[in-house]
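Coordinates in review
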Amino acid sequence: GVRYLIKEADLAGTLEDLSNLADVFLQTAYCIACEEQKSGNHNDFCIIGMGKLGGHELNFGSDLDVLLVYDEGESDPPPEGLSGYYSALSQMIYKLTSEMTSAGYAYKIDAELRPEGDAGMLVLSIKGYKKYFKSRARIWEQQALVRARFVAGNAEVGKKFIESAHQFVYQDKFEYGSLIEISRLRERMEQELAKESTKGKNVKLGLGGLADIEFAVQILQLMHGKKFPRLRQTNTLSALQSFVALGMVDQGMAEELQDSYLFLRNLECALRIIRQTPTNTLPKDNKELAPLARLLGYEEAEIQAGSLLIDYDRHTQRVRKHYRKTIGNLLRAGQAAGGKLQYLYL
């Protein structure tokens, strides 16, 4: 955080450092949990990073979105007590990473992206995931797995899980109905979670926020990732550059999205440092906005807040324009293709 504040590390380096630190933290928690669970000798277990952790994009105060996975092998039925062992191991990891200590806490892990969310098992086998993918997984889960990345534990188990996840995520055709569902989910996030009319401008979920950029990129990844493996990037900006390299996204559009992404993520960083809490909502009062603007390098104290808001509106309006253009083009193409989208170039 200090390196970021004194400009010794740029935004990309800071997000990468925070993500690498989280990886080490989870690997250490896993090793300690294995030592505590002395009753078993199994190590076919891994932790998969999701969300910003999976994308190497962690911010200050970000939760760690994870999936806990084990491999029961090819034996049928699996070895007796295997699921119980890994359940106990997962509970230990959750305890180690969730309990408040005298020094506070490092990160909080969030396993709600697992099958069935809070109602589901904390840990699931690769076979269990495959079965879930085929039978009950929803489109938003398919989208979320775009960012799945091995973080800690057995790397071979992680590789095997990622291969299974990619078979589910990157399919031959992308259904028109899936595009409708994802776009409606984005609308609900803005209306029901951001609530900008009452809560204030939301850097992440509001109009033209970070979610607009992430959703646009992830939709295109779902469409093209089967044919072009290089697009299976977990990092948003890396994926965007891959689309440019393949000629799928206009260079000018990509540069504007990258510029706005960096502006919004810097704003999010500064906001969380000043508030010392993982918030994404800007203060409404100009007096509270002024320190935020100063931290971001705005000069002339009397107009700092106003200048920041002008830039914020410019970036978010631009992002929303590109998001609407992307979704609109795809919707029209889907209608023309009779309800199926595949390998469409923008």
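Quick summary incoming for the structure in this document.

Okay, the pattern of salt bridges next. In the structure shown here, the tally under the stated rule is 17 salt bridges. Note that Arg 3 and Glu 8 form a salt bridge whose closest N and O atoms lie 3.0 Å from each other. Owing to a relative accessible area of 52%, Glu 8 belongs among the exposed residues under this scheme. Linking Lys 127 and Glu 72 is a salt bridge whose minimum nitrogen-to-oxygen distance equals 4.0 Å. Of this pair, Lys 127 sits in helix 5 (residues 126-135) while Glu 72 sits in the loop between strand 2 (64-70) and helix 4 (82-98), and the two are 55 residues apart along the sequence. The class of Glu 72 is buried, set by a relative accessible area of 15%. One continuous salt-bridge network, built from bridges that share partners, spans Arg 186, Glu 190, Asp 212 and Arg 320.

The computed volume of the largest pocket comes to approximately 1,100 Å³. Residue lining of the largest pocket: 34 residues in total, with Asp 65, Leu 113, Met 189, Lys 204 and Leu 205 positioned closest to the centre. Elements with a contribution of two residues or more to the lining of the largest pocket: helix 3 (51-54), helix 6 (139-144), helix 8 (176-194), helix 10 (210-224) and helix 12 (251-275). Ranked by residues supplied to the lining of the largest pocket, first place goes to helix 8 with 5 residues. In terms of residue class, the lining of the largest pocket is made up of 11 nonpolar, 8 polar and 15 charged. Each pocket or cavity is described by its volume, and for the second largest pocket that value is around 300 Å³.

This brings us to empty space enclosed by the protein. Going through the model one piece at a time under the given rule, you end up with 4 cavities of 30 Å³ or more. One number sums up the size of the largest cavity: a volume of about 80 Å³. Lining the largest cavity, in full, are Met 50, Leu 67, Leu 113, Arg 114, Pro 115, Tyr 129, Tyr 132, Phe 133, Trp 140, Glu 141, Ala 144 and Leu 145. Of all the secondary-structure elements, those providing two or more residues to the lining of the largest cavity are helix 5 and helix 6. Its residues assigned to classes, the lining of the largest cavity shows 10 nonpolar, no polar and 2 charged. Its volume calculated, the second largest cavity comes out at about 50 Å³. Lining the second largest cavity, in full, are Ile 213, Ala 216, Val 217, Leu 220, Leu 240, Phe 243, Val 249, Met 253 and Leu 257. Breaking the lining of the second largest cavity down by element, the ones donating at least two residues are helix 10, helix 11 (236-245) and helix 12. Among the elements that take part in the lining of the second largest cavity, helix 10 stands out by supplying 4 residues, more than any other. Split by residue class, the lining of the second largest cavity holds 9 nonpolar, no polar and no charged.

As a further point, take a nonpolar patch on the surface. There is a patch of nonpolar side chains on the surface, built from Val 2, Leu 5 and Ile 6 and spanning about 280 Å² of accessible area. Relative to the elements of secondary structure, Ile 6 occurs in the loop between helix 1 (2-5) and helix 2 (11-36).

With that settled, the discussion passes to the nonpolar core. Ile 48, Leu 145 and Phe 161 are the most contacted members of the largest nonpolar core, which totals 68 residues. Examining the composition of this core, we find that 10 residues originate from one element, helix 10, more than from any other. Other than its neighbours up to four places away in sequence, Leu 145 contacts Met 50, Leu 67, Phe 133, Phe 161, Ala 165, Phe 168 and Val 169. Counting residues in each nonpolar core, the second largest holds 31 residues, with Leu 26, Leu 68, Leu 122 and Cys 269 among its members.

The rules behind these values
Residues numbered from 1 in each chain as written. Predicted model: local features only at pLDDT ≥ 70, side-chain atom pairs only at ≥ 80, totals over all residues. Heavy atoms only, no water. Salt bridge = Lys/Arg side-chain N within 4 Å of Asp/Glu carboxyl O. Buried < 20%, exposed > 50% of the residue type's maximum accessible area, 1.4 Å probe, protein only. Helix = DSSP H or I, 4+ residues; strand = E, 2+ residues; numbered from the N terminus. 1 Å grid on protein atoms, 1.4 Å probe; cavity = no way out; pocket = protein on both sides within 12 Å on 5 of 7 lines; lining within 4 Å. Points joined across faces, edges and corners; volume = space filled by probe spheres on them. Nonpolar A, V, L, I, M, F, W, Y, C, P; charged D, E, K, R; others polar. Patch = residues over 30% accessible without salt bridge, like charges linked within 9 Å, V, L, I, M, F, W, Y side chains within 5 Å. Areas by Shrake-Rupley, 256 points an atom, 1.4 Å probe, with all protein chains shown as cover. Core = buried A, V, L, I, M, F, W, Y, C linked by side-chain atoms within 4.5 Å. Contact = heavy atoms within 4.5 Å.

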